[in-house]
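Understanding the architecture of this molecule
The residues making up each chain are set out below.
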Amino acid sequence: MYDLKWIRDTPELLDEGLGRRNLEPLSAKILELDKQHRAVQSELQDLQARRNEASKLIGVAKRNGEAADDLMAEVATIKAGMAEREAADNELAAQIQEILASIPNRPKDDVPVGKDEADNVLVRLGGNKPSLSFAAKQHFELGEQLEQMDFETAAKLSGARFVLLRGSVARLYRALSQFMLDLHIDEHGYTEVIPPVLVRDHVMYGTGQLPKFAEDSFRTEDGFWLIPTAEVPLTNTVAGEILNESDLPKRMTALTPCFRSEAGSAGRDTRGMLRQHQFDKVEMVSIVHPEKSDAELERMVGCAEDVLDKLGLHYRVVTLCTGDMGFGARKTYDIEVWLPGQDAYREISSCSTCGDFQARRMNGRFRPAEGKKPEFVHTLNGSGVAVGRCLIAVMENYQQEDGSIVVPEVLKPYMGGTDIIRPDA
């Protein structure tokens, strides 16, 4: 969300940011509506002042036994005029608010300009690619061969883009979840939270899912939204709050189911678990002092990388260009894990700094230690990481020629003695 005063003072910066996102300028439209809005408000104030003055004169006339018909007629006319202008005031305010709510965050100056993922910039590589002496299979081929990854039964229960896991593959999925949580809590200093996964409109609005992206999420008949990511409830824990500066940073992590309609993804990744309506993710959220948000983003990416490093997975970190970046982000790093079965890198984590964009939408602030007036916090979010995609990566990178899966060393304590997943495991 943008500060209207900032747009009045620096309209060129708004349009420059929109241009870098390959969007049309909006400052002229906003400023014209703002001009009309302020003109209507000025007229309302003048009418209010005249009505008050006329009302006093009516009182004086009545006390003096004088006729006040003309004044009373004027007051009636003023009231009608005020009603018209109040309606215009509300309509203009709503139009301005609707536009402001639909404008994406302004990219940081160091974000590369581009149109799509082809313009993303490689930052670094991590880990080593596995050296397989055989043709790698994709995860769904491995899972179905093991008879522990069942898309047919899931489709019977729920339709397309769902999966049912069984046996040791299901336990491997759970092991990954617990390993990630333990790592972020014990080594990275995050506080575990178990949030609601059903939230109200204002919570989705606070993190930018509404109103623009309503079709991307699922809504119940009684007005709840199923969260698309734990970022939504975790970030909103500071909505409407004024924190003490000493409370910052607040670092939270949560393992939750996530629900996405996958609107617009027809025909993409229809086989396997890469793009599901329901999936689990370990999320990281940080609420920080504005001066600390850049450093916090680098720290958060490092926490996500640590998950993959400890699992022995190869990956690359890329900076998203302006055309590929999410609505609420000022800067985003994606971590893309190597999948031998696809012979490709696929996103497994996305870490973003949103500056004060979300904080303005949900009115989350802190009080500086020096006693200055409250300021908006900065918010960050990142996957630490997507559990389903991590399962895919482990299966494809640790596959054996016979279709069995070697359990990574760090997961063995969570696997009840299972070292290798076989069809009968």
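An unreviewed UniProt entry lists the protein under the name Serine--tRNA ligase, with Kiloniella laminariae as the source organism. According to the UniProt record, the Subcellular location (unreviewed entry) comment for the protein is "Cytoplasm". Per its UniProt entry, the protein bears the Sequence similarities (unreviewed entry) comment "Belongs to the class-II aminoacyl-tRNA synthetase family. Type-1 seryl-tRNA synthetase subfamily."

Considerations on the overall build of the protein
Secondary structure summary: the protein contains 12 helices and 18 strands in total. For a compact globule of 425 residues, the expected C-alpha radius of gyration is about 22 Å, and the protein comes in at 28 Å, more than 25% above that figure. Across its three principal directions, the C-alpha atoms of the protein cover 105 × 50 × 40 Å. Expressed as a percentage of contacts within the protein between residues at least 6 apart in sequence, the contacts between residues at least 24 apart total 72%. Of the accessible surface of the protein, which amounts to about 20,100 Å², a share of 48% is contributed by carbon and sulfur atoms. When the 51 positive and 68 negative side-chain charges of the protein are each reduced to one mean point, those points stand 3 Å apart.

So, the layout of surface pockets
Of the voids in this model, the second largest pocket is the one considered here, and its volume is about 310 Å³. Lining the second largest pocket we find 14 residues, and of these Y2, W6, N105, D356 and R360 sit closest to its centre. Its residues assigned to classes, the lining of the second largest pocket comprises six nonpolar, three polar and five charged.

A short note on the UniProt feature "coiled-coil region" (unreviewed entry) in the protein
The sites that carry the UniProt feature "coiled-coil region" (unreviewed entry) are, in the present numbering, residues 30–64. A distance of 51 Å separates the end C-alpha atoms of residues 30–64, which is 97% helix and 0% strand.

Side note on the state of the cysteines
Here the structure, examined in full by the defined rule, presents zero disulfides. Distance from the sulfur of C351, which forms no disulfide, to the nearest cysteine sulfur (C303) is 8.5 Å. Among the cysteines around C390, which has no disulfide bond, C351 carries the closest sulfur, lying 14 Å off. We classify C390 as buried; its relative accessible area is 0%.

Some remarks on the UniProt feature "binding site: L-serine" (unreviewed entry) in the protein
UniProt's feature table lists "binding site: L-serine" (unreviewed entry) at T229, A230, E231, E283 and S383, given in the numbering used throughout. Judged by maximum C-alpha separation, these annotated positions cover 155 residues in sequence but sit close together in space, the widest gap being only 9.4 Å. Here T229 shows up in the loop between β7 (225–226) and α9 (231–235). Once residues within four sequence positions are removed from consideration, T229 is found in contact with C258, R260, K281 and E283. Summarising the element assignment, E283 is placed in strand β10 (residues 278–288). You can call E283 buried: its relative accessible area is 1%.

Some points on the pairing of strand β9 (residues 250–259)
As judged from the two bridges shared by strand β4 (residues 191–192) and β9, these two strands associate in the parallel manner. In the sheet register, T191 faces β9, and the bridge partner there is M252. Here 10 bridges tie β9 to β10, and the two strands are oriented antiparallel to one another. The residue of β10 that forms the bridge with M252 is V285.

Comments concerning helix α6 (residues 151–158)
Sitting at the head of α6, D150 places a side-chain oxygen 3.1 Å from the backbone nitrogen of E152. Immediately downstream of α6, the backbone of G159 shows phi near 100 degrees, a positive value.

Concerning the pairing of strand β16 (residues 378–386)
Burial runs high along β16: nine of the nine residues are buried. One ladder, built from seven bridges, connects β10 with β16; its direction is antiparallel. Directly across from M284, in β16, lies its bridge partner G382.

Notes on the side chain of T253
Note on placement: T253 falls in strand β9. According to the relative accessible area criterion, T253 is buried, its value standing at 0%. Among residues more than four places away in sequence, those in contact with T253 are L181, H184, I185, Y190, T191, E192, V193, L234, V282, E283 and M284.

Criteria and cut-off values
Residues numbered from 1 in each chain as written. Predicted model: local features only at pLDDT ≥ 70, side-chain atom pairs only at ≥ 80, totals over all residues. Heavy atoms only, no water. UniProt positions renumbered as here; feature names shortened; annotations may be inferred. Helix = DSSP H or I, 4+ residues; strand = E, 2+ residues; numbered from the N terminus. Rg over C-alpha atoms; globule rule 2.2 N^0.38 Å. Contact = heavy atoms within 4.5 Å. Areas by Shrake-Rupley, 256 points an atom, 1.4 Å probe, with all protein chains shown as cover. Lys, Arg positive; Asp, Glu negative; His and termini not counted. Charge placed at Lys NZ, Arg CZ, Asp CG, Glu CD. 1 Å grid on protein atoms, 1.4 Å probe; cavity = no way out; pocket = protein on both sides within 12 Å on 5 of 7 lines; lining within 4 Å. Points joined across faces, edges and corners; volume = space filled by probe spheres on them. Nonpolar A, V, L, I, M, F, W, Y, C, P; charged D, E, K, R; others polar. Disulfide = S-S within 2.5 Å. Buried < 20%, exposed > 50% of the residue type's maximum accessible area, 1.4 Å probe, protein only. Pairing = 2+ DSSP bridges. Polar contact = N/O pair within 3.5 Å; in protein donor to acceptor, adjacent residues only side chain to side chain.

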